[in-house]
Structures are given as structure tokens and as C-alpha cells.
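Close look at the chain arrangement
The chain contents come next:
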2 protein chains.
Amino acid sequence: MTVSEGAAYRPQPMPRPTVEPGELVVAAAHLDHGHIYGMIEGLLGAGATLGWVYDPDPAKVAAFVERFPQARVARSEAEILDDDAVRLVAGAAVTSERAPFGVRVMDAGKDYFTDKAPLVSLDQLDDVRAAVARTGRRYAVYYSERIHVEAAVLAGQLVERGAIGRVVQVMSMGPHRVGDPATRPDWFFERASYGGILCDIGSHNFEQILHYTGSRDAELVGSTIANYHHPDHPQLDDFGDAHVVTDNGATGYVRVDWLTPRGLGTWGDGRTFLLGTDGYIELRKYVNVATERSGGHVFLVDGDGEHHLRADGTVGFPFFGQLARDVLDRTETAMTQEHALKAAELSVRAQILARDLTPGPDRG
Amino acid sequence: MTVSEGAAYRPQPMPRPTVEPGELVVAAAHLDHGHIYGMIEGLLGAGATLGWVYDPDPAKVAAFVERFPQARVARSEAEILDDDAVRLVAGAAVTSERAPFGVRVMDAGKDYFTDKAPLVSLDQLDDVRAAVARTGRRYAVYYSERIHVEAAVLAGQLVERGAIGRVVQVMSMGPHRVGDPATRPDWFFERASYGGILCDIGSHNFEQILHYTGSRDAELVGSTIANYHHPDHPQLDDFGDAHVVTDNGATGYVRVDWLTPRGLGTWGDGRTFLLGTDGYIELRKYVNVATERSGGHVFLVDGDGEHHLRADGTVGFPFFGQLARDVLDRTETAMTQEHALKAAELSVRAQILARDLTPGPDRG
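Here the structure is a predicted model, which means the values were calculated and not measured. Along each chain, residues carry numbers from 1 onward, in the same order as the chain's sequence is written. Here every chain gets a letter starting at A, and every ligand a number starting at 1, in the order they are written. At least 70 in pLDDT is required for a residue's local features to be given in this predicted model, at least 80 for side-chain atom pairs to be given and counted, and no such filter applies to totals for whole chains, interfaces and linings, which use all residues. Derived side-chain values reflect all non-hydrogen atoms in the structure, with water molecules and hydrogen atoms excluded from consideration.

Below, the discussion takes up the overall build of chain A. When its secondary structure is counted, chain A shows twelve helices and 15 strands. Expressed as a percentage of its 364 residues, the buried residues of chain A come to 63%. Should any heavy atoms of two residues lie within 4.5 Å, those residues are counted as being in contact. Taking all contacts inside chain A whose residues are at least 6 apart in sequence as the whole, residues at least 24 apart take part in 70%. A 1.4 Å probe and the Shrake-Rupley method give the accessible areas. Residues count as covered only by the protein chains that appear here. Surface accessibility of chain A: about 12,800 Å² in total, with carbon and sulfur atoms responsible for 51%. Neither His nor the chain ends is counted toward charge; the positive residues are Lys and Arg and the negative residues Asp and Glu. To locate a charge, take NZ of a lysine, CZ of an arginine, CG of an aspartate or CD of a glutamate. Between the averaged position of the 35 positive side-chain charges in chain A and that of its 51 negative side-chain charges there is a distance of 2 Å. A run of DSSP states H or I qualifies as a helix once it reaches four residues; a run of E qualifies as a strand once it reaches two. Both are numbered from the N-terminal end. Between buried and exposed lies partly exposed: a residue is buried under 20% and exposed over 50% of the maximum accessible area for its type, with that area taken using a 1.4 Å probe on protein chains only.

A separate point is the relation of the copies chain A and chain B. Only residues with pLDDT of at least 70 in both copies contribute their C-alpha atoms to the least-squares superposition of the copies. When chain A is brought onto chain B, the operation consists of a screw motion whose angular component is 180 degrees and whose axial shift is 0.0 Å, with 0.0 Å RMSD remaining. The operation mapping one copy onto its partner corresponds to a two-fold rotation axis. Of all interface residues in chain A, 100% are interface residues in chain B too; the two copies therefore contact each other through one and the same surface.

On the side of chain B, 59 residues touch chain A, which itself brings 59 residues to the contact. Any carboxyl oxygen of Asp or Glu that lies within 4 Å of a side-chain nitrogen of Lys or Arg is treated as forming a salt bridge with it. Linking chain A with chain B are four salt bridges, by the criterion used here. For this analysis, a polar contact is any N or O atom pair within 3.5 Å, provided that within protein one partner can donate a hydrogen and the other can accept it, and provided that sequence-adjacent residues contribute only side-chain to side-chain pairs. Between the two partners, chain A and chain B, sit 24 residue pairs in polar contact (both at pLDDT 80 or more). Those elements that provide at least two residues to the side of chain A that touches chain B are strand E7 (167–175), strand E8 (218–226), strand E9 (239–246), strand E10 (251–257), strand E11 (271–276), strand E12 (279–284), strand E13 (297–301) and strand E14 (306–310) of chain A. Sort the elements by how many residues they give to the side of chain A that touches chain B and E8 of chain A lands first, with five residues. For this classification, Asp, Glu, Lys and Arg are treated as charged, while Ala, Val, Leu, Ile, Met, Phe, Trp, Tyr, Cys and Pro are nonpolar and the rest, including Gly, are polar. Here the residues of the side of chain A that touches chain B are counted per class, giving 24 nonpolar, 18 polar and 17 charged.

Turning next to the sheet that holds strand E2 (residues 49–54) of chain A. Residue and element names in this part refer to chain A. Pairing between two strands is assigned when DSSP locates at least 2 bridges connecting them. The six strands lie next to each other as E3-E2-E1-E4-E5-E6, forming an open sheet whose pairing is parallel. Strand pairing shows two members of the sheet lacking a second neighbour, strand E3 (72–73) and strand E6 (139–142), which therefore form its edges. Axes here mean lines fitted to C-alpha atoms, for a helix over just the part in contact, with angles spanning 0 to 180 degrees between N-to-C directions. Most of the contacts of helix H1 (residues 35–45) go to strand E4 (residues 86–91), to which it runs at about 150 degrees, and overall it touches strand E1 (25–29), E2, E4, strand E5 (111–115) and E6.

The next subject is the environment of alanine 46 of chain B. Residues and elements named next belong to chain B. By secondary structure assignment, the location of alanine 46 is in the loop between helix H1 (35–45) and strand E2 (49–54). Assessed through its relative accessible area of 3%, alanine 46 is described here as buried. The spatial distance from the C-alpha of alanine 46 to the C-alpha of alanine 71 is 17 Å, given a sequence separation of 25 residues. Ignoring anything within four residues of it in the chain, the contact list for alanine 46 reads Pro17, Thr18, Val19, Phe320, Gly321 and Ala324.

Now for the side chain of glutamine 208 of chain B. Residues and elements named next belong to chain B. Here glutamine 208 lies in helix H10 (residues 202–213). For glutamine 208, a relative accessible area of 0% translates into the label buried. Those residues in contact with glutamine 208 that sit more than four places away from it in its chain are Glu145, Arg146, Ser172, Thr272 and Lys285.

Right under this line is the structure:
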């Protein structure tokens, strides 16, 4: 077998900051999910200036300013929304609060960058689409498992240069670990708050299917959810899957769960398989199970051979620099608004349509 | 990470012959698919005696007797069916001929062992079920990708001893290589003969889903087929997938294709993922892509760690010895008749229900 590092598999240059110091002031507000740290790191890497932080919980604010001491602590959400210098507000609120907060941000004339899932219902989706149309502002989404994972970024570059021909199928597996339930906030276990597993975790996977197949929409063929192993938390879906057909005639399958066993060396053995007409790609994003503890593995098989590419440290995260420019230039290079919301729509629809396979009596 | 070879992961003893020389006489007839060699090897390993071989094509017979010189060459199918000494007839006919031949075998008072897919239509399924009931004979099926692959056998042993808890989901991927179309017989490209990809290759995968989830039936949620990359052979499905919910509340996803790129070191990177409530198993059956050319890899992650088990040479193929005893003892230890035909039924139904995603005009 060939383990090639040849020119055809060379990553594009590492991204550099795209905005000058002070050119793009951002704020962080609502720190309920730890993703806010990755979101802010990404924006800072793009050259953004962190102006403010706000959360009603002083402990969350204290932890945040320890990591980002340059952030001024706002006394209220309004203090941030009233500051004309702020162009983009990043938030990782409780999932069900992300859309209402985003609408407030956009109505204040600022762009919004939310953790995924960006919303939990079709009503929220309508509200967000209306706010985007009304305000002309952006509702950007941090689909971290593609935009903030170098293996996923490299895979996108390979697909774009035709390394595997036309992508006809994407299998996207998102296993996660619950860990000690006592360390999770209450809302993690409340369906109305986290939105259900296909909405919450699944939004990553629907986004990947749309992205890698190059499609604008998809039809849900079927989906299931279940609580197989967490009877103490009946509203937690610890499993979900969905099968879709994209508008350009490819298929996708999503499989997500909260069943990662204790013995795995990381939080989840996230995999993505891209089947092309001229080859295939497998991503082992966070671990090469029982082989290497580190992640970032791209396995590419094409007409020439079998290639094990190591993405980490090679491609970086172009999304953030593109988003920073999009805010200033009113372009859509990082991710289109339609794409970001279509992934959310599919996630919510998959959750609504899902057959519940939980054993025993109806969990309501 | 732990790469354990401890007692919990020790395979069961290697199977030994279960019948005495001369105790079970078998015959081979209709050699259209090369699987007949594996079927006969398996039976010989169980202690069976090879009595006859028949095929209308002398070249196929000549090749067969070169490998198995002990086989007497029959002048007709009837010569085998008329020999009372023969208890079991193995066949790998053109797929659409497997059921009619099997009914003739059973009506002659013998058990039948056919290559997969065992049948191509619901009418054939009815005929087979009626013949089984009428004759009391067996219609056994060579689902080679589980029963003749040590990684798959070891996975079954691990599941049986509870290594990953309850199996709640099975993903079964069966990529295959077409190779040079000129080396394939015409029937390979004729839908009415090979049955469609979900029937043909897919039967392996439906069988694995039923087996590993321990279910007796499953409901098809959706399925697709396509010819993405073989316009010269419009009746070839080079892709198929299907999503099922089993009668015990698990799910399964099948993905099969004829898109294996030239660069892969073997004919297909067959994978199976078993998701359990207490761990998971991944099979890399034929290659550890870009890592090891050999197959037989079982990756097990449980409460204790990540384990890379090597199945080849450790568990053998108990199916054949069990089948040999079943023929003599009229038991059902190798595989129940219901299970073998249910997998076939799901395959045929998935094919019938499949949405055709082939680009361009309807291929009929």
C-alpha cells in the first residue's frame, strides 16, 4: 500500500489573520456551553478584538476572564447590545435560548455567532429567518465538528479538488460521552432545553452531509431516537439516527449517541465516511482507536493507493478568518446563511419525525 | 490505551470436524459464482465427503475438479438428485436460479446450501417457504461475510458474552470492486439475474443486522439504489443503502457499493460497527486501511479500554460443523431457517422499495 504525502494531498496554506487589530470588535455573551471558548479562540486567531463578556452567572464570567483577561465584564446583555463598536456577538446559551438571543442581537444591528444547535424548533427557525430578512444581519453557526477539526477541513479541501470524484454518500457518526451526570447542568437532560439528540448533536452531522455532498437541501427518509441506557434521565435521548436523500441525489446517514464507554481514551470516536465515485475518505477525528491516542486522521483511498494523511497542524481553521471578513465586507464566504439554517432545519425535522425506540412504557 | 489480549477477549476453541469420513456426502452443482469454492472448503473442513460435481459448462467443472479431484463429475443435475447417498447439495447458480434449483433439490429429499443472495423475489421466497414446509428439508444460505470471516465470528462471540451490553445499532458496509467488466459474466450486469444490489450484496448486511442485534424481524424505514458510475451497464446498481428498525427496538443501516477504487489493496474495505449500551465493536474485515494489508481486525472498546483483537487463525468457522450436524440430526444450530429467509426477505423488500437515485433519465 502507498502511504503518500505527495503533492496531490498537500493541504492549502495555513490561514492567517484577516482583520487588523481593532478592526473587528466581538463580544461573548451567555456562556452555558464550553464551546464558547473555542468560538472565541477561533475569532481571536482571525484577528478579532474581544470587547466584552456577559453572563448572569458570575462564576462563568470569572472563568472566562481568567482565560481572556482582555474582555470587559458587561453588567447586562443590553450593555453589549448598546455598544456600537461591537460588530459580532458570540453566544453559547442554553440551546433553546440561542434563537431568542440571536434575534435580540440582530435587532440591535449586530451579527450573531451561535454555538450549535442554533435553534430547537420550526417556530424558532421562522423567527430567525424573519430576523435575518428584517435586519440584514447574519446568524452564523459554530458547527465545530467540521469547521474546527482539521481532519474535516482537509477532507473538504480534498473533495473540492476532486480527490474522490463525486461524493455520493456521507456517513457521519457522532458518539459522545455523558461522563458524570452530576457535572452536567439540568438543562442537558431536559428535552425542551437541549432540543433532542438529532437536533443537538445531530446538527453537526446534517451540516457535514450538506457540505460534503455539495447539496442545498435534503429530504428526510426516516429517523429514530431512543433512551437505551439512561433511565434516570428519561428525557435524554442517548441515541439517534437519520437517513436522508440530498437534492442532488446523494444520501446521508447520521448516527449519534451518548454511549461512549469509559474505556475510550477520549470523549468520542467521531468518524465520517465520504464515499465518492473515484475513491473514499474516512475521518478519525479524535482518536485512531486502539492505535494512536491523537486525532486528526484522514484516510484517503483513490486510484493510486491507500493514504494516511495527518491533518493536525496542517490546514488550520479558515472558517474564522472568512467569518471575520464576512462581517466587515457583508459577504458569505465562511458559510452561507441558507446552509447554516438548512442544517438546523433538517436537525429539527429529524427530531420531530423520529420514531422513539426507548424500551418500556412511553417516556412522553 | 489498553490493547488487551486478556481472558475476557479470548476466542472460543477452534472448531473441529463434526462428522466422520463418509458420514455426510455432499455434492456441488451450478458453479456460476466462485463462492462455491469457499462453501465446499467449509464443508470439507467439517468432515463432509464430496461426492459429485455438476455444471453445464465443462470449463467450470474442469477448474473445480482440479481443486477438488475427489469429486465425481455428474452428467446431469438429475444424476446428483437421484443419488440417495447425497444428503446436501451446495450450489452457487446465477442468483435468479438459486431458488428454483433449491426447490428441485428439496423435492428430491435433500438439504440445500446456496450461495447468497438465496433468492431474488417475493414469489421465489413463497416458493422456498412452501418447499421447506412440504419437504421438511433445509434451505441453508452461505452468508459468507459473517459465517466465513473470523472477525465476524469473533464479534458474535463477544456480543454473546455481553462484552458491549445490548447491541442497539449495527452499521454494515459492504464496498466491492467491479474490476474489469470483461471478466464478469453477462448476468452480473442484468438486474433480473443478480437481483439488484440490496438483494445481492445487501443480503449479507441484513443478515448481520438481524444476527448481531438478536432480532427475528425488522421493518424497512427506507432504502435507495443508484447507478452513479457505470453508465455502460445501466442495470447495475453500483450503490444501495437501507435503514431498518428491528423487532426488538434496535436499528440497522446497510451501505453497499461497487465503487472500490483501484488503489485499495483488496476487493473491499468491509466494515461493521456494533454499537452497544456498554461498548462498541468495529470490524475491519479485509484490510486495516493504509495500515496493514491483512484483515481480521476486531476493535473493541468497553469499560476497560481500547482493544485491537486479531481474529484470523483464532476462531475458525463453526457454522460448517454445525450445518453438517444439522443435516444429520435435523437440528437448527448453524442458523435457523427463519433467520436465513428473513434476511433474504428484507433484502428483496429493500430492493423493491428502493428509490432510484441514478442521475439522468429513468433507467427503467
